[in-house]
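If you want the building blocks of each chain, they are given just below.
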Amino acid sequence: MTFGSTTQAGLAQQQHGATTTSARRRSLQDFAGTALKAAAAFWLAVTAIGQLIFVVYIVALYGRSTVQGNFAAWNKVMPHGYVPGDSIGNAALAGHMLLAAIIMLGGLLQLVPQLRTRAPAFHRWNGRVYLLSAVAASLTGLYMVWFRGAAGDLMQHLGISFNALLVVVCGAMALRHALARKFALHRRWALRLFLVVSGVWFFRVGLMFWIVVNGGPAGFDPETFRGPFLSFLSFAQTLLPLAVLELYLRAQDRAGAGGKIAMAAGLLALTLAMGVGIGVATMGLWLPHI
Ligand code: HEM
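Residues numbered from 1 in each chain as written. Predicted model: local features only at pLDDT ≥ 70, side-chain atom pairs only at ≥ 80, totals over all residues. Heavy atoms only, no water.

A word on helix α7 (residues 199-213)
Here is the rule we go by: The numbering of helices and of strands both runs from the N terminus, where a helix is a DSSP run of H or I of at least 4 residues and a strand a run of E of at least 2. Multiplying 1.5 Å by the residue count of a helix minus one yields the expected span of that helix. Exposure is judged per residue with a 1.4 Å probe applied to protein chains only, and the accessible area is read against the type maximum: over 50% gives exposed, under 20% gives buried, and values in between give partly exposed.
With 15 residues, α7 ought to run about 21 Å at 1.5 Å a step, and its terminal C-alpha atoms sit 21 Å apart, in line with that. Of the positions making up α7, those classed as buried are Gly199, Trp201, Phe202, Phe203, Val205, Leu207 and Met208.

A closer look at unusual backbone geometry
Most peptide bonds adopt trans geometry, and most residues besides glycine take a negative phi value. Although it is not a glycine, arginine 181 adopts a positive phi angle of roughly 60 degrees. For arginine 181, the location among the structural elements is in the loop between α5 (154-179) and α6 (183-197). According to the relative accessible area criterion, arginine 181 is exposed, its value standing at 62%. Even without being glycine, phenylalanine 225 reaches a positive phi, approximately 55 degrees. In this structure, phenylalanine 225 sits in the loop between α7 and α8 (228-253). The partly exposed category is assigned to phenylalanine 225, whose relative accessible area is 25%.

Examining the nonpolar core
So the rule is basically this: The set of buried Ala, Val, Leu, Ile, Met, Phe, Trp, Tyr and Cys residues whose side-chain atoms join them within 4.5 Å is what this entry labels a nonpolar core.
Counting 60 residues, the largest nonpolar core has Tyr62, Trp201, Leu207, Tyr248 and Met274 as its most contacted members. Where this core is concerned, the elements lending two or more residues are α1 (2-67), α2 (87-111), α4 (120-148), α5, α6, α7, α8 and α9 (257-286). Examining the composition of this core, we find that 11 residues originate from one element, α1, more than from any other.

Some words on the side chain of lysine 260
Condition: In this tally, Asp and Glu contribute negative charge and Lys and Arg positive charge; neither His nor the terminal groups of the chain are included. Salt-bridge detection follows one rule: a side-chain nitrogen of Lys or Arg within 4 Å of a carboxyl oxygen of Asp or Glu. Residue contacts are defined here by distance: any two heavy atoms, one from each residue, within 4.5 Å place the two residues in contact.
Relative to the helices and strands, lysine 260 resides in helix α9. Salt bridges are absent for the buried lysine 260, whose nearest opposite-charge side chain, aspartate 253, sits at 7.6 Å. Residues within four places of lysine 260 in sequence aside, it is in contact with Gln29, Ala32, Gly33, Leu36, Ala251, Gln252 and Ala255.

Some words on the site of the ligand
What counts here: The nearness test applies per residue and asks whether one of its heavy atoms lies within 4 Å of the molecule or strand. Between N or O atoms, a polar contact is any pair within 3.5 Å; within protein, one atom must be a potential hydrogen donor and the other a potential acceptor, and residues adjacent in sequence are included only when both atoms are from side chains. With a 1 Å grid spanning the protein atoms alone, the term cavity applies to any set of points in which a 1.4 Å probe fits but cannot get out, the term pocket to an open set with protein on both sides within 12 Å along at least five of seven lines, and the term lining residue to any residue with an atom within 4 Å of a point. The way we define it, a molecule is inside a pocket or cavity when more than half of its atoms are within 2 Å of that pocket's grid points. For this classification, Asp, Glu, Lys and Arg are treated as charged, while Ala, Val, Leu, Ile, Met, Phe, Trp, Tyr, Cys and Pro are nonpolar and the rest, including Gly, are polar.
In the vicinity of the ligand there are 26 residues, among which Tyr57, Tyr62, His96, Ala151 and Arg204 approach most closely. Separating an oxygen atom of the ligand from a side-chain N or O atom of tyrosine 57 is a distance of 2.4 Å. At 2.9 Å from a nitrogen atom of the ligand is found a side-chain nitrogen or oxygen belonging to histidine 96. Judged by the proximity of its atoms to the pocket grid, the ligand belongs to the second largest pocket. Elements that contribute at least two residues to the shell around the ligand include exactly α1, α2, α4, α5 and α7. Tallied by class, the residues present in the shell around the ligand amount to 20 nonpolar, 5 polar and 1 charged.

Brief notes about the pattern of salt bridges
Pairing of side chains with opposite charge becomes possible as their charged atoms draw close. One pass over the full model with this rule turns up 3 salt bridges. Among the salt bridges present, the one from arginine 192 reaches glutamate 246, with a minimum N-O distance of 2.8 Å. Remark: glutamate 246 occurs in helix α8 and arginine 192 occurs in helix α6; sequence separation between them is 54 residues. Judged by its relative accessible area of 29%, glutamate 246 falls in the partly exposed class.

What follows is the structure, encoded as C-alpha cells:
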C-alpha cells in the first residue's frame, strides 16, 4: 500500500515535471516565433521608410525636372544623364526613372499583409504592374550599362547585370508559382524578387553605411568611383540580402527556439546597420535634391 502510493506520487511528480518542461519549451518556442516575427516586421518598417524616401527623391529630382522640361537637372547626380541628341538613350533613362518610382512603391504595397488578404484583386494587378516594371527597368538599365555608358568599371557593370538577370529569373518563378496556385513557393520567390529588385537601393544604403563606419571612402576612389569595395558591393547588393532571406526562411520553417532567436537577433543587428545607412543616404544623397 505504502509502496504503491509512493510510486503513484513519484509518477505524478514525474508527470508534473514533464508537463512543466514541455510547457516551458512551448513558451520558449512561442517567444522565439514572436521574436522572429517582430524582427521581420521591424526590418520591413525600416525598409519601407528608406524606400519611400528614395521614391520621394526620384519623383522630386527626376519627375519634377522632366515635367518642367529641365532635362539638364538629370545630370546633377548621374554622370551619364541627359545627353542632347541621344533620343533613344534619353528615352530609356526617362523610362528607367519612371519605372524606378513605380517599382519602389509597388513592391512595398505587395508586402502589406492586409492588402494581400483584404484586396486580393489589387495584389494581383499590382503584382503584374510590379513584375513588368521591374523587368522593363532591368532591360533599360542593361541598355544603358552596355550601350550608353554608366558610372563604374567592368566588375560593377557585371554585378548590376547579374542583378538584372536575377530580377527576370525571380520574377518568372514568382509568376509561375502564382499561376499554378502554389502559394508557399510563390511567396518565397516573390520575397526573393523584392530583395533583388531592391538591389540598387541596398547598394546606396550599404555604401553609405560603409563610408560612415570607415569615417570616409575606403576601398574605392570617390573620384573615379572604382575600387575593390565597389566591385564587392555590386554583387553583394544582390547576394547578401538573398542569403539573409534564405537563413530567415530556414529559421522560420525548421529551426528550434535557439535558431529562431539567433536569426531574430541577427536580423535586428542588420536592420540597425541598414537604418544607419538609410539615415546617411537620406542626409547625403536624397534630401539635398528633395
Ligand atoms: C530594378 C530596380 C532599379 C531601380 C529602382 C533603379 C533606380 C535608378 C535610379 C534612381 C537612378 C538614378 C541615379 C540616382 O539618382 O541615384 C538609376 C540610374 C541608373 N540605373 Fe537603375 N535602377 C534599377 C535597376 C537597374 C538595373 C538592373 C540596371 C542595370 C542593369 C540599372 C542601371 C542604371 C544606370 C546605367 C543608371 C545611370 C547611372 C549613370 O549615370 O551612370 N538600374 N537607376
